[in-house]
Structures are given as structure tokens and as C-alpha cells.
Amino acid sequence: MKLSHLFTKTRKDVPKEETSINAQLLIKGGFIDKEMAGVYTFLPLGLRVLKKIENIVREEINNIGGQEILMPTLTSIDKYKTTGRQNLDVLFKTELYSGAKFVLNQSHEEIVTPLIQQFASSYKDLPRYVYQIQTKFRNEVRAKSGLLRGREFQMKDLYSFHKNSKDLDGYYEKAIKSYHKIFKRHRGGPSLAPGENDRHRLQHRVGRGARYAPRGRSRPFSAPRGALPARGFRSRARRPAPEAPRFRRRRRGFPDGTTFPAETPARSARARPREVPR
């Protein structure tokens, strides 16, 4: 689809009550639209990005044995009473005409655990790994962080069930590596180990006058001497212009080393011939 066919346009202004930088930039770029505090509409460009992120997460979790499911958003409050979490301050609660009380799930531990119990009757049926990508609802008191902390948002939640702690710890480490791959694919750079900083992953020292351009960027920018650009940058250092050739005027001479000017009065068109005495 061409950009001219989009019904959305970029904007110069944002809602006054929007204080989050990430939401301001996304609204200006035409990726999202704010409905209210903590609730946003994903426009065509934003939804396209969201689906790509979901596909990356889905591929990496599938690689570690995860099986995707989709659980309901609306759940009876009785299941939360079983775990003692019916009084969570972030729960959205509602009531039917019959008086039955329900909640909008902020997570799905109360739903996925009975589900696995139906199919795992013995330790031989373990381990099992299930996940979902679904809309969550949380009654946040201060939803002022844009997409990073809202009242309605998309979340991937992975649940694993094991027969002992050793198996759990092993899968936990495997999941950490999977998340590192997800972050690496999202930002297009190297994966970071726990506790490492991006500055320690930089390479290729730059000399004076070198110019670098990120992939996909047409105009390079100058890098100071000694800077360390991140991996994924390619060098576009300017080559010095070739020096102009220097020409030396050769002087004609005799084998014995005697030289004379290249142009003598006798051979000059303007010089008068000398008279030879008789």
C-alpha cells in the first residue's frame, strides 16, 4: 500500500494531557491515536509494527518449545478467590444482570493452571510450556507512561510447568537466551548479556575525518576522533583527493652537461637573424 493511500496523516500537535515522550512521537508520526489515559488506538502503521513484533516474539518462543494458546479476557472472580488475589488493586471488575461478578484479566495464572491440570495427570506429562499474546487490562492509578504502562495493552505471557526445580531452572536460563534474541532482532544489533551495557559492545575505532552512516540512512554523519560506533554501522570514510600532478620543465642540453634555454633568440620567430661579417 502506498503512503498516499493512508487515511492517517502526521500531526504537529499532540493532546495537552499527554506527557509521555514515546506516545507524543508515535502520535505525531501517525502510528497511534490516544483515546484516553492509558488507552490508545493502533493506526495502520502502528498496527503493522505491532504485528511484526508479535511475529518475532512468536518465532523465538516457539523455538524453545512454547505452544501458543488464546485464553479468555473475562473470568469469574471465583477463580481469583481460590488464589486469594480477588482484592488486587489493578483488577477491573464487572457484574452481570444475574449478579455474577467477573474480572478483566490482568494475567492468566488462575486460568492456565486448571487448564494444564486437565491434561497433565502424571509427572511423565511434564514439562509443558504454553504462552499467549493477548490484550490485558490493569486499573493503573497513574497511566502516564504512554505505551509502556497503560490500562489496556498487548502482552505475551509464557507459563511453564515442570516436575522438579532443576528442570525449572534449566528452562529459565533457556528463556533468558530467547528473550535476548528477541531484543536483538527488535533493535537490529548485538544481543546483550545480563548486566552489560551497550557501550561495551561497540567496535571499530574511528579516525579523524571518518564519516559513518547507519544502514538505511542515506546521509552519513561525522564521527569525532576516537568515537566508537555501534555494530551495524558501515564505514563511508572519505578518501583524500589525489594530488595534482607536478610537471617539471625539462631543459635541453649537450652530452657534456652544457645547457641552454629551451627557446633561443636564433630560433625565436620574433628574433632578428644576426648578420654574419664578410
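Per-chain numbering applies: the sequence of each chain, read as written, is numbered from 1 onward. With pLDDT at 70 or above as the cut-off, local features in this predicted model cover only qualifying residues; side-chain atom pairs require 80 or more to be listed or tallied, and sums for whole chains, interfaces and linings still use all residues. By convention in this description, side-chain values take in all heavy atoms of the structure and omit both hydrogens and water.

## Details of the sheet that holds strand β8 (residues 152-161)
Inference 1: Read from one edge to the other, the open sheet built from three strands follows the order β3-β7-β8, with strand pairing classed as mixed. With partners counted over all chains shown, the strands left at the sheet margins are β3 (67-68) and β8, one partner each.
Inference 2: The criterion used for residue contact is that any of the two residues' heavy atoms lie within 4.5 Å. Here, axes are lines fitted to C-alpha atoms. For helices the fit covers the stretch in contact, and angles between N-to-C directions go from 0 to 180 degrees. Helix and strand assignments come from DSSP, with helices taken as H or I runs of at least 4 residues and strands as E runs of at least 2, each series counted from the N terminus. Of the strands in this sheet, β7 (128-137) and β8 are in contact with helix α4 (residues 109-119), which crosses β8 at around 35°.
Inference 3: Contacts from helix α5 (residues 165-187) reach β7 and β8 within the one sheet, and its direction differs from that of β8 by about 145°. Strand pairing follows a simple DSSP-based rule, namely that at least 2 bridges must link the two strands.

## Overview of the side chain of Ser107
Inference 1: Take Ser107: it is sitting in the loop between β6 (101-104) and α4.
Inference 2: By relative accessible area, which is 5% here, Ser107 ends up buried.
Inference 3: Within the structure, the side chain of Ser107 is placed 3.3 Å from the side chain of Arg85, a separation counted as a polar contact.
Inference 4: Side chain to side chain, Ser107 and Gln106 meet in a polar contact 3.0 Å long.
Inference 5: Among residues more than four places away in sequence, those in contact with Ser107 are Tyr80, Arg85, Lys136 and Tyr159. In this scheme, a residue with accessible area under 20% of its type's maximum is buried, one over 50% is exposed, and one in between is partly exposed, where area comes from a 1.4 Å probe on protein chains only. Here a polar contact is taken to be a pair of N or O atoms separated by no more than 3.5 Å, where protein atoms must pair a possible hydrogen donor with a possible acceptor and residues adjacent in sequence count only if both atoms sit in side chains.

## What about the pairing of β6?
Inference 1: Note that strand β4 (residues 74-76) and β6 share three bridges and pair antiparallel. Among the inter-strand pairings, Ser76 is bridged to a residue of β6, identified as Phe102.
Inference 2: Strand direction decides the pairing type here: strand β5 (residues 92-95) and β6, joined by four bridges, are antiparallel. In the strand pairing of β6, Thr94 is matched with Phe102.
Inference 3: From the end of β5 to the start of β6, which pair antiparallel, there are five residues, and Gly99 there has a positive phi angle of about 100°.

## Some details on the sheet that holds β5
Inference 1: Spatially, the three strands line up as an open sheet ordered β4-β6-β5, and their pairing is antiparallel. In this open sheet, the two edge strands, each paired with only one partner strand, are β4 and β5. Averaged over all pairs of adjacent strands, the angle between their axes in this sheet comes to 35°, without regard to strand direction.

## Notes on a nonpolar patch on the surface
Inference 1: For patch building, the residue pool is restricted to those with more than 30% relative accessible area and no salt bridge; the joining distance is 9 Å between like charges and 5 Å between nonpolar side chains (Val, Leu, Ile, Met, Phe, Trp, Tyr). Note that accessible areas follow from Shrake-Rupley with a 1.4 Å probe, and for residues the cover is restricted to the protein chains shown. Here, a salt bridge means any side-chain nitrogen of Lys or Arg that lies within 4 Å of a carboxyl oxygen of Asp or Glu. Together, Phe42, Leu47 and Leu147 line one region of the surface with nonpolar side chains, adding up to about 220 Å² of accessible area.
Inference 2: Its location among the elements puts Phe42 in strand β2 (residues 39-42).
Inference 3: On the basis of relative accessibility, which here comes to 32%, the residue Phe42 falls in the partly exposed class.

## A short note on the side chain of Lys156
Inference 1: Among the structural elements, Lys156 can be located in strand β8.
Inference 2: One buried charged residue, Lys156, forms no salt bridge at all, with the nearest opposite charge on Asp157 at 7.0 Å.
Inference 3: Within the structure, the side chain of Lys156 is placed 2.4 Å from the side chain of Tyr179, a separation counted as a polar contact.
Inference 4: Once residues within four sequence positions are removed from consideration, Lys156 is found in contact with Val57, Ile61, Tyr131, Gln132, Ile133 and Tyr179. The charge count includes Lys and Arg as positive and Asp and Glu as negative, but it does not include His or the ends of the chains.

## Section: the pattern of salt bridges
Inference 1: Applying the stated criterion across every chain yields a total of 10 salt bridges.
Inference 2: Among the ionic pairs, Glu68 bridges to Arg58, the shortest N-O distance being 2.8 Å. Of the two residues, Glu68 sits in strand β3 while Arg58 sits in helix α2 (residues 44-63), which places them 10 residues apart along the sequence.
Inference 3: The class for Arg58 is partly exposed, based on a relative accessible area of 22%.
Inference 4: Here Glu59 makes a salt bridge to Arg185, at a shortest N to O gap of 2.9 Å. Residue Glu59 is located in helix α2, and its partner Arg185 is located in helix α5; the two are separated by 126 residues in the primary sequence.
Inference 5: For Glu59, a relative accessible area of 41% puts it in the partly exposed group.
Inference 6: One continuous salt-bridge network, built from bridges that share partners, spans Glu59, Glu60 and Arg185.

Note that all results are geometric; they support no functional claim without further evidence.
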